[in-house]
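Coordinate inspection notes
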Amino acid sequence: MKHILLILTAVAFAAAAGTCAWLVGRYAPGYTAAQMFMSADPIAKLVILFTQTLTFGALVLGVIGLFVRSAAGTFRMLLMLIAAASAGLGVLAALYGWMNIQTAIRNIGPVRFDIVAPSYAETLLALSVGLFGALVALGFHALMGRRG
């Protein structure tokens, strides 16, 4: 079960990050991830920063858990919580961004896709960061399970 979850998270991350990269490359060439972050909605920025913090926590807990066998059980549980929180926050940020885009389109009227493509890329960036954090946490969880 845990390996299936790891594979599904990896596929979702690859799809989100790949689509984000395609949108930026096709509709906003020269637009970097830093520029996307700086122009993103404040809620999306907070979610991205918080999920990056969770990812760092997963790295620390994972490395410690690999070397300290007595703490592996507790760390595995914490890594699952981090994975769930990171993925959940990424999905919520993506839904929030998508909702904001749709609201703006409804208020403005019909627009071309190349106008809103950078906004969709920002939304996918928040999703990708959340899924990456979940992927790191699930990866360490699986590694600790194999060692134990």
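See the structure shown above.
Source: prediction; values computed, not measured. (Residues numbered from 1 in each chain as written. Predicted model: local features only at pLDDT ≥ 70, side-chain atom pairs only at ≥ 80, totals over all residues. Heavy atoms only, no water.)

Along the backbone of the protein chain there are five helices and zero strands. Helices and strands in the protein chain line up, N terminus first, as α-α-α-α-α. With respect to the principal axes defined by its C-alpha atoms, the protein chain has extents near 60 × 25 × 25 Å. Per-residue burial for the protein chain yields a buried fraction of 39% across its 148 residues. Summarising the internal contacts of the protein chain: among those between residues at least 6 apart in sequence, 82% fall at separations of at least 24. (Helix = DSSP H or I, 4+ residues; strand = E, 2+ residues; numbered from the N terminus. Buried < 20%, exposed > 50% of the residue type's maximum accessible area, 1.4 Å probe, protein only. Contact = heavy atoms within 4.5 Å.)

Of all hydrophobic cores here, the largest spans 40 residues; its most connected members are L79 and M144. Counting only elements with at least two residues in this core, the list comes to α1 (2-27), α3 (42-67), α4 (72-108) and α5 (113-147). Element by element, the count of residues in this core is highest for α5, at 18 residues. (Core = buried A, V, L, I, M, F, W, Y, C linked by side-chain atoms within 4.5 Å.)

Let us look at a nonpolar patch on the surface. Residues F56, L59, V60, V63, I64, F67 and V68 make up a contiguous nonpolar surface patch of roughly 640 Å² in combined accessible area. By the element assignment, F67 lies in helix α3. Assessed through its relative accessible area of 69%, F67 is described here as exposed. (Patch = residues over 30% accessible without salt bridge, like charges linked within 9 Å, V, L, I, M, F, W, Y side chains within 5 Å. Areas by Shrake-Rupley, 256 points an atom, 1.4 Å probe, with all protein chains shown as cover. Salt bridge = Lys/Arg side-chain N within 4 Å of Asp/Glu carboxyl O.)

Let us now look at the environment of I64. One can find I64 in helix α3. Judged by relative accessible area, I64 falls into the partly exposed class, the value being 37%. A sequence separation of 11 residues divides I64 from F75, and the C-alpha atoms of the two residues are 8.5 Å apart.

Another point: the packing of α4 against α5. α5 packs onto α4 with a crossing angle of 170° between their chain directions and a minimal axis gap of 8 Å. In this view, α4 runs roughly antiparallel relative to α5, as classed from their interaxial angle. Partitioning the contact of α4 with α5 into residue classes produces 24 nonpolar, 10 polar and one charged. (Axes fitted to C-alpha atoms, helices over the stretch in contact; angles between N-to-C directions. Parallel < 35°, antiparallel > 145°, perpendicular 65-115°, else oblique. Nonpolar A, V, L, I, M, F, W, Y, C, P; charged D, E, K, R; others polar.)

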